[in-house]
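One letter stands for each residue in the lines below.
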Amino acid sequence: MFNVTKKIVFIGGGHTHSIVLNLLGKCPLSKVRLILITPDIYTPYSGMLPGHIAGFYSYSQCHINLQYLSNFAGSELYLDSVVGLDLKNNYVLCANKEPVSFDVLSIDIGSVPQQLSVLVGSEYTIGVKPVSRFLKCWYNLQENIWNNSGKSFSIAVVGGGAGGVELVLSMIRGLQGESCLKLPNVEFHLFHSGISLMPNYYYLVGEFIQDLLLSKGVNLHLKERVCEVIKIIDDRLNVKCESGLILSCDYVFLVTQPSAASWVKDSGIATNDDGFILVNNALQSVSHHHIFAAGDIATMINYNLPKSGVFAVRQSKTLYDNLRRIMDDQPLKSYKPQSSYLSLIGTGDGKAIATKGNFTLPPHKLLWCWKDFIDRRFMEQFPQ
Ligand SMILES: Cc1cc2nc3c(=O)[nH]c(=O)nc-3n(C[C@H](O)[C@H](O)[C@H](O)COP(=O)(O)OP(=O)(O)OC[C@H]3O[C@@H](n4cnc5c(N)ncnc54)[C@H](O)[C@@H]3O)c2cc1C
């Protein structure tokens, strides 16, 4: 099919693309030009991000350098944000660069916390994604709190799933530092619309986490749906819930349901109602067979998968195989997700919980050592 030089364009340097590019560096495709379009040189590894907030890992330990990776893969790197697709003429539309033509396109742009449709005043909140923006806010917050020990601070996190819970626990450790001494001037509030935390996990996980959060003095607001954030005097914010509860805070972080960038749906590619790209078992768009998608932005039509870094990582081998196969006009391979998988959830204090299906182990240092080993080994595969 493709015997002259063809172009594969990768949009987003997420988990899946990072691994695919690494594999392409080890076993290059002939007569194929590779282009990666992504806004930042560094892309975070989600497994170690909470550990960075907690102060266990440096920035470079939990970020993949996409310039090094592109060099290794023989790919060109365009630092830009994609804002649309021209699917009639096969062009990627960028915020700054000229349109980029492609023969085959692969999309791995992740997701962002759901905001505007559900929350009035979301412009005053800090979404945990894009991670680069979130980290800038986090470093500023740390400075502000450490430089103003006489002032009281109140931090709200909206979302009691794995991301929200890990964020609160990591922020507590990240502010306390190695002393682990409770900061008397900082209070945390966690808002969760459900009755129990981490509803996507076995109930024991939520119970362990709830006990831990309460032991650290976190104010839990269960069955509270935040509907509005209002700016009041001196940069303080009022967090308003549907129940009528109003709390005054200094920082409001959103770790709500993942949502898709609007340009994806606007491009005309087939998506579900939430704007995620519909893909078949080969990770191929159901409407455009020369376009692939993986990670959070993809929704497999035959499986109901959570938006998790675990699946973004696991999909990489199938995506890699299929990009090679489409170039050789070979039949594509199918990705079959595992029905249950091991999760190691850091608790921000040098411990972790292990859970797989209904099997759950409470927080323990050895589990953290195991998680730390797996995560470091994952990062070691990339060019340093
Ligand atoms: C606090 C927190 C902790 C988490 N912890 C875990 C965990 O421990 N384990 C786990 O499995 N999952 C975890 N998750 C979920 C995990 O972060 C996501 O599922 C995972 O990042 C998805 O990977 P991805 O490859 O789809 O995209 P991402 O890794 O999010 O990468 C997307 C890439 O696309 C780029 N991009 C975005 N928009 C554009 C654009 N318009 N144009 C070009 N490039 C673009 C971004 O810059 C980025 O490089 C956590 C999430 C949060 C919020």
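Residues numbered from 1 in each chain as written. Predicted model: local features only at pLDDT ≥ 70, side-chain atom pairs only at ≥ 80, totals over all residues. Heavy atoms only, no water.

> Can you break down the site of the ligand residue by residue, with the values?
Among the 30 residues in the neighbourhood of the ligand, the closest are listed as H15, T43, V82, D108 and D296. Take S308: an N or O atom from its side chain is 3.2 Å from an oxygen atom of the ligand. In this structure, an oxygen atom belonging to the ligand sits 2.9 Å away from a main-chain N or O atom of G309. For the ligand, whose free accessible area comes to 1,000 Å², the fraction covered by protein is 84%. Listing elements by their share of the shell around the ligand, those giving two or more residues are α1 (15-26), β2 (32-38), α5 (162-176) and α8 (309-314). Here the shell around the ligand is built from residues that sort into nine nonpolar, 15 polar and six charged. In terms of domain composition, the shell around the ligand takes at least three residues from each of domain 1 (6-111 + 260-327) and domain 2 (122-257). (Near = heavy atom within 4 Å. Polar contact = N/O pair within 3.5 Å; in protein donor to acceptor, adjacent residues only side chain to side chain. Areas by Shrake-Rupley, 256 points an atom, 1.4 Å probe, with all protein chains shown as cover. Helix = DSSP H or I, 4+ residues; strand = E, 2+ residues; numbered from the N terminus. Nonpolar A, V, L, I, M, F, W, Y, C, P; charged D, E, K, R; others polar. Domains from an automatic or database assignment.)

> Could you give an account of the side chain of T318, naming the residues involved and the relevant values?
Examined against the element boundaries, T318 turns out to sit in helix α9 (residues 316-327). Using a relative accessible area of 10% as the deciding quantity, one classes T318 as buried. Beyond its immediate stretch of four places on either side in the chain, T318 contacts N281, L283, K333, S334 and Y335. (Buried < 20%, exposed > 50% of the residue type's maximum accessible area, 1.4 Å probe, protein only. Contact = heavy atoms within 4.5 Å.)

> Hey, could you go over empty space enclosed by the protein for me, with residue numbers and the actual values?
For the coordinates displayed, the defined rule picks out one cavity of 30 Å³ or more. The wall of the largest cavity is formed by 14 residues, among which P50, G51, S170, G346 and W368 lie closest to the centre. Mapped onto the lining of the largest cavity, the elements with two or more residues apiece are α2 (49-54), α5 and α10 (365-380). Here the element with the most residues in the lining of the largest cavity is α2; it accounts for three residues. The residue inventory of the lining of the largest cavity, partitioned by class, reads six nonpolar, six polar and two charged. (1 Å grid on protein atoms, 1.4 Å probe; cavity = no way out; pocket = protein on both sides within 12 Å on 5 of 7 lines; lining within 4 Å. Points joined across faces, edges and corners; volume = space filled by probe spheres on them.)

> Report on the pairing of strand β15 (residues 226-231), specifying residues and quantitative values.
Where β15 meets strand β16 (residues 237-241), five bridges bridge the pair, whose relative direction is antiparallel. Of the residues in β16, the one forming a bridge with K231 is L237. (Pairing = 2+ DSSP bridges.)

> Lay out the nonpolar core with the relevant residues and their values.
Formed by 65 residues in total, the largest nonpolar core has its most connected members in I8, F10, I37, V92, L105 and I107. What I37 contacts, discounting residues up to four positions off in sequence, is V9, F10, I11, G12, Y78, D80, V82, V92, C94 and V100. Membership of the second largest hydrophobic core comes to 38 residues, among which are L49, F134, L169 and I209. (Core = buried A, V, L, I, M, F, W, Y, C linked by side-chain atoms within 4.5 Å.)

As far as function goes, none of this settles anything; it's purely spatial.
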